[in-house]
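Chain and residue survey
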Amino acid sequence: MPIAAIETFALSKQFGDTRALQNLDFQVDAGEVVGCLGPNGAGKTTLIRLLLGLIVPTSGRAQIFGLDTQRNTVEAHRRLAYVASEAGLWPTLTGAETLHLLGQVQGQVDVAYRDVLIERFDLDVSKKVRALSKGNRQKIILVAAMMTRADLLILDEPTSGLDPLMEQAFRLCMSEAMERGQSVLLSSHILSEVEALCNRIAILRTGVLVEMGTMAEMRHLSALTVEATFDGDVPDVTGVPGVSMVTVQGPVLRCQVRGPVEPLVNVLANSGVRELLSREPSLEELFLSHYGAATNEEDSVSTAG
Amino acid sequence: MSVLPVEGNVQLPRTSRLFTGTVIARFTGRRVVRSGIGWGLVFGLYVATQALAYSTSYKTIAARRLLMREFGSNVGISAIVGPALRIDTVPGFTAWKCLTVLAITGAVWGILTSTKLTRGEEDAGRWELLLTGNATRRGSAVQALGAFGAGLCALLITTAAISIVVGHSSKVRISASGAIYFAIAIVAAAAIFLTLGALCGQLSSTRRQAAGVASALLGASYALRMVADSGPSLAWLRWATPLGWVEEMKPLTTPNPFALIPILVTVVVFGAMTVYLAGRRDIGSSVLPDRSSSKPRLHFLNGPLGLELRLTRSTLLAWAASIIAYGLILGSIAKSGGKIITSSPSLRLVFARLGATGAQAYLGFAILIMAVAFSFVASGMISAARSEESSGQLDSLLARPLSRVSWLGGRILQAVGTLVIGGIFVGLSTWVGAASDHAGVSFSSMLGAGLNTLPPALLLLGLGAMVFGLVPRWAVAFTYAILVWSLLVEITGGIVNVNHWILDTSDFHQMTPAPSMPIDWTTNGVMIALGVVTASIGVAAFRRRDLKGE
């Protein structure tokens, strides 16, 4: 059996009184793309910083391709590339200079692919980082990570600040990485992104791994939030199959639907509905419906340290 | 699911609306006034110790006349701390000992405070938050300047109040109006450089750059004043430099309030320019041509050390230039400066026994100030390392195949290298200056003297690195605290009798004034060894700790 790209053993991290991560046993196999989902403060960034050896576990340990993240940090880092959710770059360097520097430190760059990526992300590398928007800075660190063709990509909310067009470019990069057999750990709080890209999903909540499985196993998570406005009386939909989380505010009805929407649509259509909106629920809403409300205190666990 | 409060039901307290227009003034004012009072206390106490120490050390008129003869017309001394006018009186001596020292301290305070509270806050994005209210950019600059005015008043009032109280003492006898005028002269430099810092904040694109430009101007101002005070034929040059104007105010001796005119004009002009420029640029941008794009220059950018060189190269060059300029000026006035020693029979004997000439003796003491400058460089390097960590830039490096030991160790070695080169520059340029004046100082002794100024900075670097490794969030404050503490101990220790245990806590206290005395290699060795040990502890601790943000 090949060595796992990432393996953690009862990995825990405590900041002062807050338990940012508790007893995490988790594995990403070689060539696998795993999504890590969770609301803000769930411990995603803590997990990633532990995997990178930027912070030290309170207990437990982690391995990258069998290399201990604390003892063999440098060797482990030769096998991986990392994209932070917020780019810590040098304002006075240009994009090209930044990519050169980071490539030198990494020691391994596919120059041709780098140029493809610069083109694809429409990046003006002659501009100084200071003059770039958040999205453009994010592109630089994305290119810096992808151009290494590292065996493992660790991505912490990599698309934050990117516009939809660039998200498409990112997804293309991801599929290229998958074709090459690179492993990926993708942390996100955008369900659709993870859904589209990942083989397996890990769900973190207040520092605990609550679920882990394939997308099919997680199907029960996908739901639709429906908001309907009525001219007359608001109908009672609580008994309709698949409907939950019903709230009524004046003429407006809000609820969530899982599975086929037909029964709900039928009820609404017969009740004089004036406006109908539906969208994918936010991760927070999903968590609320699935795992119950976390107390605010637990929610605001610090991850940055 | 709970129902959110409807918009109309939300009522902000009325006061918060009333005051949003002054939020920057209050935010900045609170901090600058607090700091102004703190430094006013330091200034006032410094004035008090100088005045009281003089009145107890030089009791008789004869003793005071002798002091006047020895120091009164010495060019070497006046170049460094300003001309000694009427130092046979308590007020005259107090003014001489305090004015230049406190004016420079005030100027540094002004630069650091204003660049931090304007450009620094803007860089950190906090002004952006405050400005989303109803303040305009120009309005916010006015508010910040108003806050600085309040801070200056706090500094002035505190300094003046203590001076007045001390002046009342029967031993000192300084009139209240004299004390107030004196305090104004002391604070004048702070006022100029506070507004200069604000102006540079508008011109530059980062706090670092703003502070760098303003500091360079302060250095130039000091160098010009040094030249002006090194000979009567050059005295007119005093009118060309802000520190010269402060000196021309001649407090407590022959007051010349006309010197206040250029000071006030400068403050007003700088202030007006600041406000004008603030309205002309976008937040986060700068007025000076700041090319937002350029061709890649890749030399140096092959690793963390090259990166650091690349980022600090202009600062390093400026430092090297000012170190060399200082050394040249010092060397070229060494011979005349040394006359003070040869004119004093007792001192001459002491130095003759050590085999030192007047010039050597003078250089031995004058060069010690470089130890302070180098210690500032060392503190700056600790603070740069820490800000690289807190800004997340270090994450970008250490998430790659780069070990923590080689990063921090490399940074420390790089700092040591920079300091050693600085020490060599000091020795070299002083020797060149002295040789041009045939002061009879050997090259090797000056090289040794230059390197002799390094151990305190090296020890401070080690201590800073240790705290950086152990408690990163304290590292910067700790390093500067040691530096300021050592300076205070040295300043007060020279005047009043201080317990030697306290003196020993000063980083600078173990230095010998080479080349007037032989270099104490044992002590230097111990300090360097301590630096190595503490730095190693720092590196070892840094290996096993979390990287931490702000």
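As the structure is a prediction and not an experimental result, all values here were calculated from the model. (Residues numbered from 1 in each chain as written. Chains lettered and ligands numbered in written order. Predicted model: local features only at pLDDT ≥ 70, side-chain atom pairs only at ≥ 80, totals over all residues.)

**What to know about the sheet that holds strand β13 (residues 252-257) of chain A**
Residue and element names in this part refer to chain A. Read across the sheet, four strands follow the order β12-β13-β11-β14 without closing on themselves; strand pairing throughout is antiparallel. Since the sheet does not close on itself, it has two edges, and those belong to β12 (243-249) and β14 (273-279), each with one partner. Averaged over all pairs of adjacent strands, the angle between strand axes in this sheet comes to 15 degrees, irrespective of strand direction. Bridge count for strand β11 (residues 224-230) against β13 is six bridges, and the pairing is antiparallel. Paired with V226 across the bridge in β13 is C255. Of the strands in this sheet, β11, β12, β13 and β14 are in contact with helix α8 (residues 262-269), which crosses β14 at around 160 degrees. (Pairing = 2+ DSSP bridges. Helix = DSSP H or I, 4+ residues; strand = E, 2+ residues; numbered from the N terminus. Axes fitted to C-alpha atoms, helices over the stretch in contact; angles between N-to-C directions. Contact = placed C-beta atoms within 7 Å.)

**What to know about the pairing of strand β8 (residues 183-188) of chain A**
Residue and element names in this part refer to chain A. Burial within β8 is extensive, with six of its six residues counted as buried. In β8, alternate side chains face the same way, and those of S183, L185 and S187 on one face and V184, L186 and S188 on the other are all buried. Relative to β8, strand β3 (residues 33-37) runs parallel, the two sharing five bridges. Bridging across to β8, L37 finds its partner in S188. Judged from the five bridges that link them, strand β7 (residues 152-156) and β8 form a sheet pairing that is parallel. Paired with L155 across the two strands is L186, which belongs to β8. Read from β7 through helix α6 (residues 164-179) to β8, the crossover connection turns out right-handed. (Buried ≥ 20, exposed ≤ 12 C-beta atoms within 10 Å, placed from the backbone. Right-handed = clockwise from strand over helix to strand, strands pointing away.)

**Some words on the interface of chain A and chain B**
Counting from both sides, the interface comprises 36 residues of chain A and, opposite them, 34 residues of chain B. Of all the secondary structure elements, the ones that give two or more residues to the side of chain A that touches chain B are α2 (73-78), α3 (95-106) and β12 of chain A. With eight residues, α3(A) is the single largest residue contributor to the side of chain A that touches chain B. The class makeup of the residues in the side of chain A that touches chain B is 17 nonpolar, 13 polar and six charged. (Nonpolar A, V, L, I, M, F, W, Y, C, P; charged D, E, K, R; others polar.)

**Some remarks on the packing of helix α9 (residues 207-228) of chain B against helix α12 (residues 304-332) of chain B**
Residue and element names in this part refer to chain B. Contact pair α9 / α12: the axes reach a minimum separation of 11 Å and the direction vectors enclose 10 degrees. In terms of axis orientation, α9 runs roughly parallel to α12. Packed against α9, whose contacting residues are G212, A216, G219, A223, M226 and V227, the element α12 presents T315, A318, S322, A325 and I329 at the interface. Looking at side-chain class alone, the contact of α9 with α12 contains seven nonpolar, four polar and no charged residues. (Parallel < 35°, antiparallel > 145°, perpendicular 65-115°, else oblique.)

**Digging into the domain arrangement of chain B**
Accessible area lost during the coming together of the parts is what is often quoted as the interface size. Residues and elements named next belong to chain B. By the assigned domains, chain B splits into domain 1 (19-288) and domain 2 (301-550). Counting residues at the interface gives 19 residues for domain 1, matched by 20 residues for domain 2. Here the side of domain 1 that touches domain 2 gets six residues from one element, more than from any other, and that element is α9. Taken together, the residues of the side of domain 1 that touches domain 2 break down into 11 nonpolar, seven polar and one charged. (Domains from an automatic or database assignment.)

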